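Take a look at the letters that make up each chain.
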Amino acid sequence: MSVTQSLTLDPDARTAENAMIFVDGAFVAAASGGTFPTVDPNTGKTIAQVPRADGTDVDRAVAAAKRVAVEWQFTDAIARAGLLRALAAKVTEHADELARLEALDSGHYLAKAQELVGAIPLWLDYWASLADKVGGRTIEVPGNKLSFTVLEPLGVTAHIVPWNYPLLILVRSCAPALALGNTCVVKPAEDTSLSALKFAELVSEAGFPDGVFNVVTGYGTEAGASLAAHPDVAGITFTGSTETGKAVTKLAADHIAQVNLELGGKSPTIVFPDADLDDAVEAAVQGFCSHTGQVCVAGTRLFVHADIRDEFLGKLTARLDSTQVGDGFADGTQMGPLVSQKQYDRVRSYIETGKTEGTLHYGGGRPAGAPDGGYFIEPTVFVDVGHDARIAREEIFGPVASVHSWSTEDELVEAVNDSIYGLFAVLLGRDITRLLSTARRLQVGGVMINDWFGELPMTPHGGHKQSGTGREEGLEAVHGYTQVKHVTVNLDGSLRAGTDWAGAPL
Ligand code: NAD
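Residues numbered from 1 in each chain as written. Predicted model: local features only at pLDDT ≥ 70, side-chain atom pairs only at ≥ 80, totals over all residues. Heavy atoms only, no water.

As recorded by an unreviewed UniProt entry, the protein chain carries the name Aldehyde dehydrogenase family protein and is attributed to Pseudonocardia nematodicida.

This is the structure:
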């Protein structure tokens with residue numbers, strides 16, 4: 001059976017029906033007929049059964065994307081842009097349902113999910129605007145010749161997406177891929193497939209040709225690995241853990257696919273002695289509690305100047321006391337659950353490790369009054385933690401931070417850079433010279449000064465070291481979805497036989 005509509009959400013029952021993969025313009029079951037459950041992290045209850053796609057489904061999706069790749073490449077950029085704008089309008093029209101699905105599946109509290117979905121058209125519009133503007137350059141070469149470059153799409157691109165910002169991360173890579181003439185096969189994370197399937201329905205309604213955009217749901221080691229290993233996939237954008245990023249890179253190496261990696265982090269929030277402490281506390285809390293700490297740029301290492309450490313900790317405690325943790329659909333919730341039982345067990349295990357590595361300053365348990373069955377955890381802060389502690393070095397991906405005091409910039413920079421990660425840093429203070437000279441020395445892909453991370457389509461995002469390669473967003477992302485063709489034309493109209501590049505006889 002093949003249908004053009006997927007997913008019906010029952011918001012009261014918190015369930016959804018008809019989850020099907022989207023291949024070649026139609027919603028179909030996985031070839032094997034297999035499914036797996038996706039759960040509401042607020043309750044632990046099953047929302048829907050999702051198709052368990054495998055290599056057979058991936059082959060079909062990639063074949064469809066390959067079949068239309070040339071036609072899509074040579075579709076006028078202005079027409080591709082028009083479709084992206086039509087898709088943006090569809091997202092706006094269906095924003096409420098998309099936000100509810102996202103909140104239900106990923107555990108973002110509803111108001112945050114609405115904010116995130118509301119922002120998605122920005123990414124679609126940004127890349128729609130650029131579709132007919134990015135291009136190559138002319139090159140001065142010796143002789144009467146015209147030399148230039150053309151930027152061409154890669155062809156079939158794979159988009160392997162994590163569960164923390166399912167729709168935003170899908171869109172931030174598929175929007176440039178589509179705008180620049182690539183076709184897409186998306187593999188959402190197994191915990192959060194639903195918004196991608198709803199989005200596929202909107203892609204279809206917006207009028208994209210069949211095969212240009214496909215979604216295969218399933219496990220990483222099955223559907224994900226088949227996609228990364230597929231010889232007809234020319235480019236892979238992988239967003240996820242550093243460990244899986246290494247596995248995907250190895251699979252891609254067999255067929256020399258271009259790989260963009262947006263990986264993990266262990267980011268610092270750095271508080272200078274002249275910082276506005278209320279602002280600094282707010283940035284710190286946003287840094288490690290946003291989406292319950294499940295954010296790649298999460299500021300889980302708080303470097304607070306020794307002169308203000310005690311005052312900072314007092315204010316931090318008061319701010320955390322007022323944080324409302326609970327069911328994401330309840331009014332006033334500011335922090336929802338972790339995404340899954342697996343993630344809950346992982347974070348709890350790090351908290352137990354932290355108790356042996358430092359002193360528990362705040363939290364560490366289950367929030368009072370949290371709904372039964374959900375994966376809720378208190379914001380948790382450790383002090384007296386050495387830089388070598390596991391909780392200070394490893395990505396926990398939960399609302400767990402360690403506080404480290406510092407006295408000199410040299411000592412601070414050495415501790416911050418002593419990490420396999422290099423994604424992001426937040427600096428808070430008033431002396432801009434001091435802030436900028438420290439920012440220059442940090443081995444990270446992005447810095448915010450006196451602000452918390454706000455993802456935007458126009459600012460490049462990505463990491464140094466084991467936090468990734470390539471950049472999403474901004475003009476820099478063009479390189480991740482294009483390849484360069486160089487063309488030289490002999491304007492003499494005939495071959496000047498027997499000369500090499502410098503015009504000398506061969
Ligand atoms: P993950 O690595 O477990 O999974 C990511 C995706 O890869 C999922 O779709 C998964 O099914 C798939 N996958 C798993 N094994 C695979 C394999 N062998 N081959 C191909 N695909 C496979 O990551 P996660 O737990 O879903 O997400 C959390 C991680 O993502 C964190 O480390 C976080 O820092 C990172 N992240 C990074 C960014 C960024 O922009 N740098 C953004 C969001 C999340």
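Next comes the rest of the write-up.
Trainee: Looking at this structure, how should I read the overall build of the protein chain?
Mentor: Looking only at helices and strands, one finds 15 helices and 24 strands in the protein chain. Here the C-alpha radius of gyration of the protein chain, 24 Å, is about what a compact globule of 506 residues would show, namely 23 Å. Taken over the C-alpha atoms alone, the protein chain extends approximately 80 × 60 × 35 Å along its principal axes. By the burial criterion, 56% of the 506 residues in the protein chain qualify as buried. Across the protein chain, every contact between residues at least 6 apart in sequence was considered, and the portion connecting residues at least 24 apart equals 72%. Averaging the locations of the 39 positively and 63 negatively charged side chains of the protein chain gives two centres separated by 4 Å. (Helix = DSSP H or I, 4+ residues; strand = E, 2+ residues; numbered from the N terminus. Rg over C-alpha atoms; globule rule 2.2 N^0.38 Å. Buried < 20%, exposed > 50% of the residue type's maximum accessible area, 1.4 Å probe, protein only. Contact = heavy atoms within 4.5 Å. Lys, Arg positive; Asp, Glu negative; His and termini not counted. Charge placed at Lys NZ, Arg CZ, Asp CG, Glu CD.)

Trainee: Sorry if this is basic, but what is going on with the nonpolar core here?
Mentor: It is characteristic of soluble globular proteins that their nonpolar side chains tend to be buried jointly. One finds Phe 208, Phe 213, Phe 312 and Leu 316 to be the most contacted residues of the largest nonpolar core, which totals 104 residues. Element by element, the count of residues in this core is highest for helix 5 (residues 110-130), at eleven residues. Counting contributing residues per domain, this core is built from domain 1 (23-262 + 467-486) and domain 2 (268-449), each supplying no fewer than three. Contact partners of Phe 208, with chain neighbours within four places excluded, come to Trp 72, Leu 83, Leu 84, Leu 87, Leu 178 and Val 203. Judged by nonpolar contacts, the second largest core, of 24 residues, contains Val 28, Val 58, Val 62 and Ala 223. (Core = buried A, V, L, I, M, F, W, Y, C linked by side-chain atoms within 4.5 Å. Domains from an automatic or database assignment.)

Trainee: Please explain helix 12 (residues 341-357) as it appears in this structure.
Mentor: The periodicity of an α-helix, 3.6 residues per turn, causes residues three or four positions apart to be oriented the same way. Taking 1.5 Å per residue as the helical rise, helix 12 with its 17 residues ought to reach 24 Å, and the 24 Å between its terminal C-alpha atoms agrees with that figure. When we look at burial in helix 12, the residues that qualify are Gln 343, Tyr 344, Val 347, Tyr 350, Ile 351, Thr 353 and Gly 354. (Expected span 1.5 Å × (residues − 1).)

Trainee: When you look at the layout of surface pockets in this model, what are you seeing that I'm missing?
Mentor: Over the atoms, a rolled probe matching the size of one water molecule traces out where space is still vacant. Roughly 1200 Å³ of volume is contained in the largest pocket. The wall of the largest pocket is formed by 40 residues, among which Trp 163, Gly 240, Ser 241, Thr 244 and Lys 342 lie closest to the centre. Secondary structure elements with two or more residues in the lining of the largest pocket: helix 6 (166-179), helix 8 (220-229), strand 12 (235-239), helix 9 (242-253) and helix 12. With seven residues, helix 9 is the largest single contributor of residues to the lining of the largest pocket. In terms of domain composition, the lining of the largest pocket takes at least three residues from each of domain 1 (23-262 + 467-486) and domain 2 (268-449). (1 Å grid on protein atoms, 1.4 Å probe; cavity = no way out; pocket = protein on both sides within 12 Å on 5 of 7 lines; lining within 4 Å. Points joined across faces, edges and corners; volume = space filled by probe spheres on them.)

Trainee: Looking at this model, I keep getting lost on the UniProt feature "active site" (unreviewed entry) in the protein chain. Mind explaining?
Mentor: With numbering aligned to this structure, UniProt lists the feature "active site" (unreviewed entry) at Glu 262. In this structure Glu 262 touches Arg 172, Phe 238, Thr 239, Gly 240, His 461, Gly 462, Ser 467, Thr 469, Gly 470, Arg 471 and Glu 472, once residues within four positions along its chain are discounted. (UniProt positions renumbered as here; feature names shortened; annotations may be inferred.)

Trainee: I'm lost on the site of the ligand in this one. Help?
Mentor: Taken together, 28 residues surround the ligand, and among them Arg 172, Lys 187, Glu 190, Ser 241 and Glu 395 come closest. Between an oxygen atom of the ligand and a main-chain N or O atom of Val 161, the distance comes to 2.7 Å. With respect to the ligand, the backbone of Leu 263 contributes an N or O atom lying 2.8 Å from a nitrogen atom. Placement of the ligand is best described as lying within the largest pocket. Counting residues per element, the ones that place at least two in the shell around the ligand are helix 6, helix 8, strand 12 and helix 9. Here the shell around the ligand takes three residues from helix 8, the largest share from any one element. Here the residues of the shell around the ligand are counted per class, giving 14 nonpolar, nine polar and five charged. (Near = heavy atom within 4 Å. Polar contact = N/O pair within 3.5 Å; in protein donor to acceptor, adjacent residues only side chain to side chain. Sits in = over half its atoms within 2 Å of the grid points. Nonpolar A, V, L, I, M, F, W, Y, C, P; charged D, E, K, R; others polar.)

Trainee: Mind showing me how you'd approach the UniProt feature "domain: Aldehyde dehydrogenase" (unreviewed entry) in the protein chain here?
Mentor: Annotation from UniProt places "domain: Aldehyde dehydrogenase" (unreviewed entry) at residues 28-487. Structurally, residues 28-487 is divided into 40% helix and 21% strand, and its ends, taken at the C-alpha atoms, are 43 Å apart.

Trainee: Explain the domain arrangement of the protein chain here, please?
Mentor: Where interface size is given, it is often the accessible area lost as the parts come together that is meant. What the domain assignment lists for the protein chain is domain 1 (23-262 + 467-486) and domain 2 (268-449). Between the C-alpha centres of domain 1 and domain 2 the distance comes to 31 Å. Listed per partner, the contact involves 22 residues of domain 1 and 29 residues of domain 2. Buried area between domain 1 and domain 2, summed over both chains or domains, comes out near 1900 Å², and the portion from carbon and sulfur atoms is 58%. By the criterion of area lost to domain 2, the three top residues of domain 1 are Asn 42, Trp 163 and Ser 467, representing 32% of everything that side buries. At the junction of domain 1 and domain 2, the tally comes to zero salt bridges. Put simply, domain 1 and domain 2 have nine residue pairs in polar contact (both at pLDDT 80 or more) between them. Here the element with the most residues in the side of domain 1 that touches domain 2 is helix 4 (residues 95-106); it accounts for five residues. (Buried area = accessible area lost by both parts, 1.4 Å probe. Salt bridge = Lys/Arg side-chain N within 4 Å of Asp/Glu carboxyl O.)

Trainee: What exactly am I supposed to notice about the sheet that holds strand 7 (residues 138-139) here?
Mentor: Sheet strands line up and pair through hydrogen bonds in the backbone, either parallel or antiparallel. One open sheet holds the three strands; their spatial order is 7-8-24, and the pairing between them is antiparallel. Edge positions in the sheet fall to strand 7 and strand 24 (482-490), since each of these pairs with one other strand and no more. (Pairing = 2+ DSSP bridges.)

Trainee: Sorry if this is basic, but what is going on with helix 15 (residues 432-441) here?
Mentor: When helix 15 is considered as a whole, its buried residues turn out to be Leu 435, Thr 438 and Ala 439. Along the long axis of helix 15, the arc covered by the buried residues comes to 105°, so they all point the same way. Exposed positions of helix 15 whose direction lies more than 90 degrees from the buried face are Thr 433 and Arg 440. Where helix 15 is buried, its residues meet helix 14 (409-417), strand 20 (424-428) and strand 21 (446-449). Sitting at the head of helix 15, Asp 431 places a side-chain oxygen 3.2 Å from the backbone nitrogen of Thr 433. (Arc of directions from axis to C-beta.)

Trainee: Honestly, the packing of aromatic side chains in this entry has me stumped. Any pointers?
Mentor: To describe a pair of aromatic rings, you give the distance between the ring centres and the angle between the ring planes. Considering all chains together, one arrives at nine aromatic pairs under this definition. Ring plane angle 45° and centroid distance 6.5 Å describe the contact between Tyr 344 and Tyr 375, whose orientation is recorded as tilted. You can see Tyr 344 sitting in helix 12 and its partner Tyr 375 sitting in the loop between strand 16 (359-362) and strand 17 (380-383), a full 31 residues away along the chain. The exposure class assigned to Tyr 375 is buried, which follows from its relative accessible area of 8%. (Phe/Tyr/Trp six-rings, centres within 6.5 Å; stacked < 30°, edge-to-face > 60°.)

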